Amino acid sequence: MSGRSRYATAILGPELAAKLPEVKVLLVGAGGIGCEVLKNIVLAGFGHITLLDLDTIDLSNLNRQFLFRKKDVKQSKAMVAAKTASAFNPNVHITPIHGNIKEAQFDVSWFKTFDIVLNALDNLDARRHVNKMCMAGNVPLVESGTAGYLGQIQPILKDRTECFDCVPKPTPKTFPVCTIRSTPSQPIHCIVWAKSYLIPQLFGEDEDSGGELDDAEKQGENAQEIATLRKEAQAFKKVRSALRTASGNDEDAAKTAFDKVFFSDITNLLSMEDMWRTRAKPTPLEFDGIKNGTFSLEHKQIGSSSQVNGSSSKQPADGALVNGSTAGGSAATERILKNGSSAASSSKAGLKDQRALTLQDNLELFVESTNRLALRLRNGEDTISFDKDDDDTLDFVTAAANLRAAAYGIPGKSRWEVKEMAGNIIPAIATTNAIISGLVVLHAFHLLRKTYGKLRNVHLQFRPSLPLSTINLSQPNPQCGVCGDTYAEVLCDPSKVTLGQIVDGILGDGVGDDDGTGKREVSVYEEKRVLSDPDWDDNLDRTLESLGVTRGKFLSIVDEEGEYATIQVAIGELPANHPIDGNSLMLPYPLPLPPKTVKPPATPSLKRSAPDDEGDIEMTEPPAKRVRTNGDAPSVAAPVSPSKKRKLDEDGILLLESKDEELDDDAVEVIELD
């Protein structure tokens, strides 16, 4: 036993310690948690580690992602982390992959090659994807996440525990279209506008935004305002053309874009008087006036609170907006910071991305970033979208959001704050990441030992008296649309195999326990696309490739009667050694046999069914109601219901059984009714 493994063996036990060198683990994510987890599993002796991450290293990562250094900025996180961590234990083999976990090559067959998967992601969509792939491949998963001082880990085991999707996750915050496009009142509204509306309009695909406006109109938003927004969208075509066409003056295209969004659009909105009855009017911005220093904002009252569309706030003495740039940014941004306003130079203690920029500096940053993005389009990039680690797009969003905030009297945000808000960055603390990563590896040990009774959901809380809380694992949610489905994998050539072959092959003939459920009426989906249903089978004779269903995709076979659970069919590729003239479709054996769904008991109807034939109608006496007796007189059925008689009694009315009935009280008045 080597000195390196002696302590691990003493702690983990000889059985697990001997098993670890052969374990194949997939670690998804090489960020804050990922770096800590990688360090732990390397030192523990996990023999074969595959590390996958799409991201590159940013300067802001270095305070907590300790496997990276300043010289590594802009390089692949997976590649650098693997190289750094390999030195910790030469007996461990690390395979780094710079890629997207959702790529087709990382299909169910690929996931099945691992003994365990450890998630260290900060993206909800990617987390849900990994969760589904682990359910499909029946691979144990440990999910984790942190937010500031808070954190959690969740071990996931198919058919034994809840999966990641068993409990619905909160949907991301959204804002009404008209608020973002016309009446912002918070800094986040301006940032979302610049990131999700302005960048796609100027540098994205030339798409008609009418669909979004149609939806807003259906939801009851202001019709006049939406009509104005439609005109704005049409006017963007001229601006897009200017950005994609080289001109003698680089400033011309940027000025065209500025005048369109910060002057013309705001001027058009001001023409709708009803919109501004209860809110402060925005101020159209003038390009030349800001550039030469003669422009002033009317709604800014220096040194005092003023009515703005956000909350009342005090502005800096010189009317400057708080802004800045990140270190390591573009040369133009660095120049603006170095030669910027007196307010910027007076903030000697501030970091580069926290220094104040005047309205004039924001204009210069807008022009510089617009020109850089326009040059990228002219050099061959088809479209450009926002990326928090793309200096050009971050500079553009910072400048555009703060110019819009200035026009609406809303406090601006620093470039660092814009990056956090636009990039949905959750504050991270190195200590929290270290604690959570340790818990991840401890639960990985339990999964490898198969000591499932010791698994727990663990939460790191902001409570000094009880920093860690554990919760027993819950059973899978029977209504979950991920772990509640039945999974199967087919290997095929999508260019030759038809949709009908897949459906018929998976359903089988139902003769034996291994031969599927047999033919039945089903609908087939690929994500949200309907490919076939009992009344529309045009696609059954088409190949999977022609339908866009290729490696890594799932086909959902849904029982029309709701008798069986849904079958999720994962599409994989044929083995490399598969004969050229061999069968182009390899079905799983045994065929999937989904469980029958449990339907809630039917509530008995209170209505009687109508007879089929009038001749079957049998006249019967109505059921006897409460009987009133009078001394020794025989019982007679009451002609009214008890509730009605009780109401009459309360009103002082006595209902007689017959006209011959006598009353002892002569003062009673008798009324005869026909």
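Residues numbered from 1 in each chain as written. Predicted model: local features only at pLDDT ≥ 70, side-chain atom pairs only at ≥ 80, totals over all residues. Heavy atoms only, no water.

Peer 1: Explain the overall build of the protein chain residue by residue, including any values.
Peer 2: Helix and strand counts for the protein chain stand at 20 helices and 16 strands. When the 674 residues of the protein chain are sorted by exposure, 46% land in the buried category. Within the protein chain, contacts between residues at least 6 apart in sequence are counted, and of these 67% link residues at least 24 apart. Carbon and sulfur atoms provide 51% of the accessible area of the protein chain, an area that totals close to 36,100 Å². (Helix = DSSP H or I, 4+ residues; strand = E, 2+ residues; numbered from the N terminus. Buried < 20%, exposed > 50% of the residue type's maximum accessible area, 1.4 Å probe, protein only. Contact = heavy atoms within 4.5 Å. Areas by Shrake-Rupley, 256 points an atom, 1.4 Å probe, with all protein chains shown as cover.)

Peer 1: Can you break down the side chain of H129 residue by residue, with the values?
Peer 2: Of note, H129 is situated in helix 6 (residues 124–137). Taking relative accessible area as the criterion, H129 reaches 17% and is therefore assigned buried. Discounting residues that sit within four places of it in the chain, H129 has contacts with I101 and K102.

Peer 1: Lay out the sheet that holds strand 9 (residues 486–492) with the relevant residues and their values.
Peer 2: Strands sit in the order 11-10-12-13-9-14 across an open sheet of six strands; the sheet is mixed. Looking at strand neighbours, the two that pair on one side only are strand 11 (529–532) and strand 14 (585–586), the edges of this open sheet. Where helix 19 (residues 499–507) meets the sheet, its contacts fall on strand 9, strand 10 (522–526), strand 11, strand 12 (554–559), strand 13 (567–573) and strand 14, and the angle it forms with strand 12 comes to roughly 60°. (Pairing = 2+ DSSP bridges. Axes fitted to C-alpha atoms, helices over the stretch in contact; angles between N-to-C directions.)

Peer 1: Describe in detail helix 3 (residues 32–44), supporting the description with residues and values.
Peer 2: Taking 1.5 Å of rise per residue, 13 residues should cover 18 Å, and helix 3 covers 19 Å from first to last C-alpha, within 8% of that figure. Extensive coverage of helix 3 is indicated by the burial of 11 of its 13 residues. Looking only at helix 3, the buried set comprises G32, I33, G34, C35, E36, V37, L38, N40, I41, V42 and A44. G45 lies just past helix 3 and shows a positive phi near 105°. (Expected span 1.5 Å × (residues − 1).)

Peer 1: Go over the UniProt feature "active site" (unreviewed entry) in the protein chain with me, naming the residues and quoting the values.
Peer 2: UniProt records the feature "active site" (unreviewed entry) at C178, using the numbering of this structure. What makes C178 buried here is its relative accessible area of 7%. (UniProt positions renumbered as here; feature names shortened; annotations may be inferred.)

Peer 1: Run through a nonpolar patch on the surface, naming residues and quoting values.
Peer 2: Taken together, Y149, L150 and F462 make up a surface patch of nonpolar side chains, about 370 Å² in accessible area. Structurally, L150 is set in strand 6 (residues 150–156). A relative accessible area of 42% means that L150 is categorised as partly exposed. (Patch = residues over 30% accessible without salt bridge, like charges linked within 9 Å, V, L, I, M, F, W, Y side chains within 5 Å. Salt bridge = Lys/Arg side-chain N within 4 Å of Asp/Glu carboxyl O.)

Peer 1: Any details on the packing of helix 8 (residues 187–203) against helix 16 (residues 391–407)? Residues and values, ideally.
Peer 2: Where helix 8 contacts helix 16, the two axes come as close as 9 Å, and the packing angle between them is 120°. By the angle between their directions, the pair helix 8 and helix 16 is classed as oblique. Of the two elements, helix 8 crosses helix 16, and the hand of that crossing is right-handed. When helix 8 is examined against helix 16, the residues C190, I191, W193, A194, K195, L198, I199, L202 and F203 are found in contact with a partner set consisting of T393, F396, V397, A400, A401, R404 and A405. (Parallel < 35°, antiparallel > 145°, perpendicular 65-115°, else oblique. Left-handed = near helix turned anticlockwise from the far one by under 90°.)

Peer 1: Tell me what's going on with helix 16, and back it up with residues and numbers.
Peer 2: Over its 17 residues, helix 16 runs 24 Å from end to end, which matches the ideal 24 Å to within 8%, given 1.5 Å per residue. With 17 of 17 residues buried, helix 16 is to be regarded as a mostly interior element. With a side-chain oxygen lying 3.0 Å from the backbone nitrogen of D392, the N-terminal cap of helix 16 falls on D390. At the C-terminal side of helix 16, G409 shows a positive phi close to 70°. (Polar contact = N/O pair within 3.5 Å; in protein donor to acceptor, adjacent residues only side chain to side chain.)

Peer 1: Now, about the sheet that holds strand 7 (residues 456–460): what can you tell me, with residues and values included?
Peer 2: One open sheet holds the eight strands; their spatial order is 3-2-1-4-5-6-7-8, and the pairing between them is mixed. Of all the strands in the sheet, the pair left with one neighbour each is strand 3 (93–98) and strand 8 (468–472). The mean angle between the axes of side-by-side strands here comes to 15°, regardless of whether they run parallel or antiparallel. As defined by bridge partners, strand 1 (residues 24–28) adjoins strand 2 (residues 48–53) across five bridges and the pair is classed as parallel. Bridged to V25 within strand 2 is I49. Set on the sheet, helix 4 (residues 77–86) makes contact with strand 2 and strand 3; between it and strand 3 the angle comes to about 165°. Where helix 18 (residues 430–449) meets the sheet, it contacts strand 4 (116–119), strand 5 (141–147), strand 6, strand 7 and strand 8, and its direction lies at approximately 170° from that of strand 5.

Peer 1: Mind laying out the nonpolar core, listing which residues take part and the relevant values?
Peer 2: W193, L202, F258, F262, L285, F366 and F396 are the most contacted members of the largest nonpolar core, which has 54 residues in total. Of all the secondary-structure elements, those providing two or more residues to this core are helix 8, helix 10 (223–243), helix 11 (250–270), helix 12 (287–292), helix 15 (359–378), helix 16 and helix 17 (415–422). Here this core gets 10 residues from one element, more than from any other, and that element is helix 16. Apart from residues lying up to four places away in sequence, F262 is in contact with W193, P284, L285, F366, A400, L403 and R404. If you look at the next biggest cluster of nonpolar residues, it comprises 44 residues, including I41, V42, A81 and L455. (Core = buried A, V, L, I, M, F, W, Y, C linked by side-chain atoms within 4.5 Å.)

Peer 1: Could you give me a rundown of the pairing of strand 9, with the residues and numbers involved?
Peer 2: Strand 9 sits mainly inside the fold: seven of its seven residues count as buried. Covered by surrounding structure in strand 9 are T486, A488, V490 and C492 together with Y487, E489 and L491, the residues of both alternating faces. Judged from the seven bridges that link them, strand 9 and strand 13 form a sheet pairing that is parallel. Opposite E489, over in strand 13, you have A570 as the bridge partner. Inspection of the sheet shows strand 9 paired to strand 14 by two bridges, in the antiparallel sense. In the sheet register, L491 faces strand 14, and the bridge partner there is M586.

Peer 1: Tell me what's going on with the packing of aromatic side chains, and back it up with residues and numbers.
Peer 2: Each pair of aromatic rings is reported with the distance of its centres and the angle of its planes. Scanning the entire structure with this criterion turns up 13 aromatic pairs. Ring centres 6.0 Å apart and planes at 70° place the aromatic pair F258 and F366 in the edge-to-face group. Pair noted here: F258 is in helix 11 and F366 is in helix 15, with a separation of 108 residues, a long-range link. There is no split in this pair, since F258 and F366 are both buried. Members of the aromatic cluster, connected to one another through ring pairs, are W193, F203, F258, F262, F287, F366 and F396. Geometry around Y7 places R6 over its ring, the cationic atom sitting 5.3 Å from the centre. For R404, the ring lying beneath its charged end belongs to W193, and the centroid distance is 4.2 Å. (Phe/Tyr/Trp six-rings, centres within 6.5 Å; stacked < 30°, edge-to-face > 60°. Lys NZ or Arg CZ within 6 Å of the ring centre and 35° of its normal.)

Peer 1: Explain unusual backbone geometry residue by residue, including any values.
Peer 2: A cis geometry characterises the amide bond from Y589 onward to P590, with omega recorded as 0°. For P590, the position within the fold is in the loop between strand 14 and strand 15 (627–628). Residues other than glycine seldom take positive phi values, yet K74 does so here, at roughly 80°. Take K74: it is sitting in the loop between strand 2 and helix 4.

Peer 1: Residue-level account of a negative patch on the surface, with values.
Peer 2: Side chains of E521, D535, E560 and E561 sit close together on the surface and give a patch of like negative charge. Here D535 shows up in the loop between strand 11 and strand 12. (Lys, Arg positive; Asp, Glu negative; His and termini not counted. Charge placed at Lys NZ, Arg CZ, Asp CG, Glu CD.)

Peer 1: So what about the packing of helix 8 against helix 17? Which residues, and what values?
Peer 2: What describes two packed helices is the angle between their axes and the distance between those same axes. The interhelical angle for the contact between helix 8 and helix 17, taken along N-to-C directions, is 70°, at an axis separation of 10 Å. The pairing of helix 8 with helix 17 is recorded here as roughly perpendicular in orientation. Only V418, M421 and A422 of helix 17 make contact with helix 8, whose side of the interface consists of I188, I191 and K195. Along the lines of polarity and charge, the residues of the contact of helix 8 with helix 17 split into five nonpolar, no polar and one charged. (Nonpolar A, V, L, I, M, F, W, Y, C, P; charged D, E, K, R; others polar.)

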